Amino acid sequence: MTTLGEVRAKPAKRISGLSRGARIVRSLTFFVPMVIMLGLVFITLFAPLIAPYDPIEQHMLERRLPPSFFEGGTTKYILGTDHLGRDILSRMIYGGRVSLSVSLLAIMITAGIGTVMGIASGYIGGRTDGFLMRLTDIAMSFPGLLIAMLLSVGVGPGFWTVVFALSILGWAGYSRMIRGEALRLRNSDFVMQARVNGVSNIGIMFKHIFPNVVNTLIIIMTLQIGMMILAESALSYLGIGIPAPTPSWGSMVSDGRNDLDRAWWISTFPGIAIGLVVLSGNFLGDWIRDKTDPRLRRL
Amino acid sequence: MTRFIIIRVMQSILALIGIMVLVFFLVRASGDPVNMIRLPNMSEEQVQKIYIQLGLDKPYIEQFWVYIKGVFRGDLGESLVKVDPVSEMISLALPNTLKLGIPSFIIGMGLAFVLGVLAATRRDSLFDNGVKFLAILGQALPGFWVGIMAILIFYSNLKWVPGPGLGMSPAHYILPVGTMIFFMLPGMMRLVRSTMLDVLDSEYIKLARIKGLSERTVIWKHALRNALISPLTVLGMLFAGIVSGAVITEQIFNWPGMGRMALEATVARDFPVVQGIVLIVAIGVLGINLLIDISYAYVDPQIRYQRA
């Protein structure tokens, strides 16, 4: 027989949520990624002060030196050197600059386009909505890599080519989510009120709809950090990213491809860096989403 | 329904023409394609010859018209580097891409569904946490790096599999197929798991259990069938992922497919080849979106009437 006390205890346990251990794990999934991301921002900002060597300086007599903690390595090059005798640690520090700046620019551009498209689509509705959503469908299912190739052929490789290649399709993720929000807001009381008061459509979209989708916008932007860094690294790995000798994590992995049997460290470390940063970005995105809007858990 | 399909097909053709216009002008964005292929010691006369040969002396509109007419005859132009017809190059490379893509797709989807469903039915168990962990890790690690690490471990060190390249034996397929699967498995697995959790929570699953059906029938017949719809919605995104994955995988393993061909053409700025491949993929993208729309309309009559 269950007593009243037991029955009450059950939901209470659920609401207070997790056990102590789980709560510690949960806060760790916030703090560790946060530290990694802030660390990345810090080292990219102060790369010239932190990096032990010039990232493109070649030491021809010290090629393919293993990391210091392996047999044959020296403390001169902590993570070893590559096939041209360049310091891998310094290249990774500078490579973080490329990843971060390209990703942040692309996120800002895609967020801008996606928000305008999404609000217009959801608020105006009708044929505009139909057309914009069709465009979104196509953009979502079009491989971004091919756009990057087209741009690389047509415009030539470079920093802005990569930024635009990542931006041309990236807005689709925003516009679909924000359209949903705008659709919901369009019929809300305060929007009706504004319309009755004679606020123009543009005014409503800017002053009443936009502030209410900012939350969603920030969540998607955080979740996009990881995706953008991955996409950028894939482009530079394939040789259609930022041209050599500028270091980037993707092209460093590719540099080590022909040396796998004699110098495994050239490809290995930059890949770990990408994985770690993307993982941190994803965890942060998840954390912000869970804190602010659990409805979006499916993203 | 027929009316709906006709309108959708027309819209897809319009979109295709739009994409063709975009692609046509995008590859010419930097101005003159001849500048990309001319050698420094060419005389003016030789350069003029290239112009006439490629039809670049005519106005853009006329060039575009010639291009469109060619496409509808199956003529995608000639490679600037290899001087072979692009359509012929594609027909040689496509089978190699499919040889890699089809087994990867089948095994990858199979794994995604089995693992996703098992994880959902054993929620919060060790197995479920393992699947979640794999999915999180899989979505963070770059696929190209994972492929290279696989070569490093299984070929360079352990010598379990043959080296990169297209070979006759099935062993040549293990690493490339594994890498391709890596590109689609984590996301798909996650989606199947979360959809399955929703479905298992629904009233009709409770009813099926109350009816006394075996757990196996409930999960693999009633629940899974309803969980199949959700992956349909991301079919387009999955396609994009597979194409990108194919390009990267073919590059890592020196696989002579369309992806590697596109990449080589990009580096050589061989625009007719890139243009041709993008066109083929664009047709694929539009075809898949058409398919998704039609199957939606089939499932949900509201869409059928409202959108047509």
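Definitions and cut-offs
- Residues numbered from 1 in each chain as written.
- Chains lettered and ligands numbered in written order.
- Predicted model: local features only at pLDDT ≥ 70, side-chain atom pairs only at ≥ 80, totals over all residues.
- Helix = DSSP H or I, 4+ residues; strand = E, 2+ residues; numbered from the N terminus.
- Rg over C-alpha atoms; globule rule 2.2 N^0.38 Å.
- Buried ≥ 20, exposed ≤ 12 C-beta atoms within 10 Å, placed from the backbone.
- Contact = placed C-beta atoms within 7 Å.
- pLDDT = per-residue confidence, 0-100.
- Nonpolar A, V, L, I, M, F, W, Y, C, P; charged D, E, K, R; others polar.
- Axes fitted to C-alpha atoms, helices over the stretch in contact; angles between N-to-C directions.
- Left-handed = near helix turned anticlockwise from the far one by under 90°.
- Core = buried A, V, L, I, M, F, W, Y, C linked by C-beta atoms within 7 Å.

Scanning chain A from terminus to terminus reveals 12 helices and zero strands. Along chain A, helices (α) and strands (β) appear in the sequence α-α-α-α-α-α-α-α-α-α-α-α when read from the amino end. On C-alpha atoms alone, chain A measures out to a radius of gyration of 24 Å, which is more than a quarter above the 19 Å that the 2.2 N^0.38 rule sets for 299 residues. Structurally, chain A occupies a C-alpha span of about 75 × 65 × 35 Å along its principal axes. Of all 299 residues assigned to chain A, the portion counted as buried reaches 46%. The contacts in chain A between residues at least 6 apart in sequence include a share of 69% that link residues at least 24 apart.

All names here are of chain B. Per-residue confidence for chain B gives a mean pLDDT of 82, with 91% of residues at or over 70. Helix 15 (residues 301-307) is the least confidently modelled element of chain B, averaging 58 in pLDDT, while helix 5 (residues 86-121) averages 89, the highest of any element. Scored by ipTM, the complex comes to 0.82, with pTM at 0.84.

Turning our attention to the interface of chain A and chain B. Listed per partner, the contact involves 39 residues of chain A and 40 residues of chain B. Of all the secondary structure elements, the ones that give two or more residues to the side of chain A that touches chain B are helix 5 (126-141), helix 6 (144-154), helix 10 (201-238) and helix 12 (265-292) of chain A. Top element by residues in the side of chain A that touches chain B is helix 6 of chain A. It accounts for nine residues. Its residues assigned to classes, the side of chain A that touches chain B comprises 22 nonpolar, 13 polar and four charged.

Residues and elements named next belong to chain A. With respect to the element layout, Gly122 can be found in helix 4 (residues 88-124). Put simply, Gly122 and Ile266 are 144 residues apart on the chain and 48 Å apart in space, counted from C-alpha to C-alpha. In this structure, Gly122 is in contact with Ile178, Arg179, Gly180, Glu181, Ala182, Leu183 and Arg186, ignoring residues within four places of it in sequence.

Moving on: the packing of helix 4 of chain A against helix 8 (residues 172-186) of chain A. Residues and elements named next belong to chain A. Axis separation between helix 4 and helix 8 bottoms out at 7 Å; the angle between their running directions is 35 degrees. As helix 4 runs across helix 8, the sense of the crossing is right-handed. Facing helix 4, whose interface residues are Thr110, Ala111, Gly114, Thr115, Met117, Gly118, Ile119, Ser121, Gly122 and Tyr123, helix 8 presents Gly173, Tyr174, Ser175, Met177, Ile178, Arg179, Gly180, Glu181, Ala182, Leu183 and Arg186. In terms of residue class, the contact of helix 4 with helix 8 is made up of nine nonpolar, nine polar and three charged.

A word on the nonpolar core. Ranked by size, the top nonpolar core spans 144 residues in total, and within it Ile147, Met149 and Leu150 of chain A together with Val192, Ala262, Val274 and Val278 of chain B carry the most contacts. A total of 17 residues in this core trace back to one element, the largest contributor, which is helix 10 of chain A. Filtering out sequence-adjacent residues up to four positions away, Val192 of chain B remains in contact with Ala112, Phe113, Gly116, Val117, Ala227 and Pro231 of chain B.

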